[in-house]
Amino acid sequence: MNRPSIDWVEVGPRDGLQSWPGPVSTPAKIGLITGLLDCGFRRIEATSMVHPKWVPQLADAEAVLEALQDRIANLRVLVPNRRGLERALQEGVRNVAVTVAATDGYNQHNLNRSVSETLDEIRELADRAGRDGIVVDASLSVAFGCPYEGQVSAERVTEVARALADAGIQEIALADTIGVANPAQVEALFQAVKEALPSVRWGAHFHDTRGAAMANLLSALETGVSLFEGSVGGIGGSPFAPGAAGNLCSEDALAMLESMGIATGVDVGRLIQVARGLERTLGAPLPGKLHAIEPAQAGSVPA
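Residues numbered from 1 in each chain as written. Predicted model: local features only at pLDDT ≥ 70, side-chain atom pairs only at ≥ 80, totals over all residues. Heavy atoms only, no water.

Novice: I keep staring at the overall build of the protein chain and nothing clicks. Help me out?
Specialist: A tally of helices and strands in the protein chain yields 11 helices and 8 strands. Computed over its C-alpha atoms, the radius of gyration of the protein chain comes to 18 Å, within 12% of the 19 Å expected for a compact globule of 303 residues. Its C-alpha atoms give the protein chain principal-axis dimensions of roughly 55 × 40 × 40 Å. Within the protein chain, the fraction of its 303 residues that count as buried is 57%. (Helix = DSSP H or I, 4+ residues; strand = E, 2+ residues; numbered from the N terminus. Rg over C-alpha atoms; globule rule 2.2 N^0.38 Å. Buried < 20%, exposed > 50% of the residue type's maximum accessible area, 1.4 Å probe, protein only.)

Novice: I would appreciate a short explanation of the nonpolar core in the present structure.
Specialist: One recurring pattern in soluble globular proteins is that nonpolar side chains are buried together. In terms of nonpolar packing, the biggest core is built from 89 residues, with Trp-8, Ile-172, Leu-174 and Phe-190 touching the most fellow members. The contacts of Leu-174, once residues within four sequence positions are left out, are Leu-140, Ala-143, Phe-144, Val-157, Leu-189, Phe-190, Val-193, Trp-202, Gly-203, Ala-204 and His-205. (Core = buried A, V, L, I, M, F, W, Y, C linked by side-chain atoms within 4.5 Å. Contact = heavy atoms within 4.5 Å.)

Novice: Sorry, what's going on with the pattern of salt bridges here?
Specialist: Any two side chains of opposite charge can pair, so long as their charged atoms come close to each other. Summed over all chains, the structure comprises 21 salt bridges. A salt bridge links Arg-113 to Glu-121; the nearest nitrogen and oxygen atoms lie 3.3 Å apart. Owing to a relative accessible area of 21%, Glu-121 belongs among the partly exposed residues under this scheme. (Salt bridge = Lys/Arg side-chain N within 4 Å of Asp/Glu carboxyl O.)

Novice: I keep staring at the pairing of strand β6 (residues 171-176) and nothing clicks. Help me out?
Specialist: Each regular strand shows side chains that alternate between the opposite faces of the sheet. In terms of residue burial, β6 counts as a mostly covered element, since 6 of its 6 residues are buried. Burial along β6 is two-sided: the residues Glu-171, Ala-173 and Ala-175 and Ile-172, Leu-174 and Asp-176 are all buried. In this sheet, β6 lies alongside strand β5 (residues 135-141) in parallel orientation, the contact comprising 4 bridges. Note on β6: the bridge partner recorded for Ser-139 is Ala-173. Examined bridge by bridge, β6 and strand β7 (residues 201-206) share 6 bridges and lie parallel to one another. Looking at β7, one finds that Ile-172 is bridged to Trp-202. Read from β6 through helix α8 (residues 183-196) to β7, the crossover connection turns out right-handed. (Pairing = 2+ DSSP bridges. Right-handed = clockwise from strand over helix to strand, strands pointing away.)

Novice: Looking at this structure, I do not really get the sheet that holds strand β4 (residues 95-101). What am I missing?
Specialist: Whether parallel or antiparallel, the strands of a sheet pair through hydrogen bonds between backbone atoms. Spatial strand order, β1-β2-β3-β4-β5-β6-β7-β8: 8 strands in a closed barrel with parallel pairing. Direction aside, neighbouring strands of the sheet carry axes that sit 30 degrees apart on average. Here helix α2 (residues 26-38) sits on the sheet and contacts β1 (7-10), β2 (43-48) and β3 (75-78); the angle it forms with β2, its principal contact strand, is near 165 degrees. In this fold helix α5 (residues 104-111) packs onto β4 and β5, with an angle of close to 130 degrees to the strand it touches most, β4. (Axes fitted to C-alpha atoms, helices over the stretch in contact; angles between N-to-C directions.)

Novice: Even after reading the chapter, I still don't get the environment of Lys-194, so can you show me in this structure?
Specialist: Relative to the helices and strands, Lys-194 is located in helix α8. Considering only alpha carbons, one finds Lys-194 and Thr-223, 29 residues apart in sequence, at a separation of 9.2 Å. Leaving out residues up to four positions away in the same chain, Lys-194 has contacts with Trp-202, Thr-223, Gly-224 and Val-225.

Novice: So what exactly am I meant to see when it comes to the packing of aromatic side chains here?
Specialist: How two aromatic rings sit relative to each other is given by the distance of their centres and the angle of their planes. Following the criterion strictly, the structure yields 4 aromatic pairs and no others. Arranged with centres 6.4 Å apart and planes meeting at 50 degrees, the rings of Phe-144 and Phe-190 form a pair that is tilted. Remark: Phe-190 occurs in helix α8 and Phe-144 occurs in the loop between β5 and α7 (154-166); sequence separation between them is 46 residues. In this structure Phe-144 comes out as buried when scored by relative accessible area, which is 3%. (Phe/Tyr/Trp six-rings, centres within 6.5 Å; stacked < 30°, edge-to-face > 60°.)

Novice: Whenever I open this one, helix α10 (residues 250-259) confuses me. Can you help?
Specialist: Owing to its 3.6 residues per turn, the α-helix brings residues three or four apart onto one side. For α10, the buried fraction is high: 8 of the 10 residues fall into the buried class. Buried residues belonging to α10 abut β1, α9 (213-222), β8 (227-230) and α11 (268-282). Downstream of α10 by one or two residues, Gly-261 has phi in the positive range, about 85 degrees.

Novice: Teacher, can you tell me more about unusual backbone geometry here?
Specialist: A negative phi angle characterises most non-glycine residues, just as the trans form characterises most peptide bonds. Backbone geometry at Asn-112 places phi at a positive 65 degrees, although glycine is not the residue there. Tracing the chain through its elements places Asn-112 in the loop between α5 and α6 (115-131). Assessed through its relative accessible area of 60%, Asn-112 is described here as exposed.

Novice: I keep staring at the packing of α6 against α7 and nothing clicks. Help me out?
Specialist: Each pair of packed helices can be described by the angle between their axes along with the distance between the axes. At a closest axis distance of 10 Å, the pairing of α6 and α7 adopts a crossing angle of 25 degrees. With respect to each other, α6 and α7 are oriented roughly parallel. Between α6 and α7, the residues in contact are Val-115, Leu-119, Ile-122 and Arg-123 and Arg-156, Val-160, Ala-163 and Leu-164, respectively. Considering only residue class, the contact of α6 with α7 consists of 6 nonpolar, no polar and 2 charged. (Parallel < 35°, antiparallel > 145°, perpendicular 65-115°, else oblique. Nonpolar A, V, L, I, M, F, W, Y, C, P; charged D, E, K, R; others polar.)

Novice: What's the story with the side chain of Arg-76 in this structure? I'm lost.
Specialist: For Arg-76, the position within the fold is in strand β3. For Arg-76, the side chain forms a polar contact with the side chain of Glu-229, separated by 3.0 Å. (Polar contact = N/O pair within 3.5 Å; in protein donor to acceptor, adjacent residues only side chain to side chain.)

Here it is in structure tokens:
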């Protein structure tokens with residue numbers, strides 16, 4: 001009998017590093033991505049084709065991708081606009097991600113335009129990418145709460161998601177960008193969007209600002225969600241979301257899922273070693289828990 005399984009998108013190299021205060025060298029980024037690929041991740045969000053003025057940490061996007069051409073099929077790149085898509089195509093990228101917020105307040109801070117304007121651009125981008133056979137995934141930011149507008153209704157999230165689906169996007173991740181969600185809210189929102197748009201493959205992206213990310217993952221899992229995003233060591237957070245903590249920690253969550261009998265396709269022991277290496281590279285403690293545990297105390301997870 002086959003075990004139940006989930007898919008995990010590792011976003012540490014992009015979402016994790018984008019707001020890191022100190023510069024991270026290009027070789028260090030390449031080494032991190034290579035190490036993550038060797039853990040078994042089938043999809044890694046490697047970088048973003050954003051203008052260096054807005055996210056200086058990712059100014060070396062082309063250099064990173066050029067060094068990883070032999071594994072480009074497993075890399076996803078965030079593209080904020082048409083120019084970003086063209087840059088990604090020049091590097092041979094076959095999977096891109098777009099993002100739009102559920103609120104105009106956050107969208108203006110993150111992308112400097114309204115939700116409606118961003119959706120218009122995504123439609124053009126998705127059409128252009130589709131002609132070249134490029135897979136486009138979407139992230140719907142602040143789906144559970146906004147730092148500028150407060151609570152976000154399920155109706156609003158569904159409205160924006162419907163526009164993405166109408167643009168031909170088949171995979172949409174709901175993001176708790178500032179980490180305000182609770183398990184009951186997660187269950188209710190995923191049930192609502194799945195009922196409204198049953199053909200979409202739904203993913204979940206949680207932040208651990210209030211320590212609820214793992215509980216929220218379990219709630220999403222119980223609604224049938226099988227696609228999740230997280231970052232090695234639990235690093236990350238949007239520079240445009242004041243007070244947001246790091247992402248759901250990949251190795252912590254994957255170790256829990258494996259212990260529950262859920263197949264992840266990831267060598268968690270090896271991932272723990274990657275997290276420890278990243279901590280040494282960054283020269284600062286990472287938010288995750290499991291990488292800090294001595295091997296003898298880590299139980300059944302080889303570290």
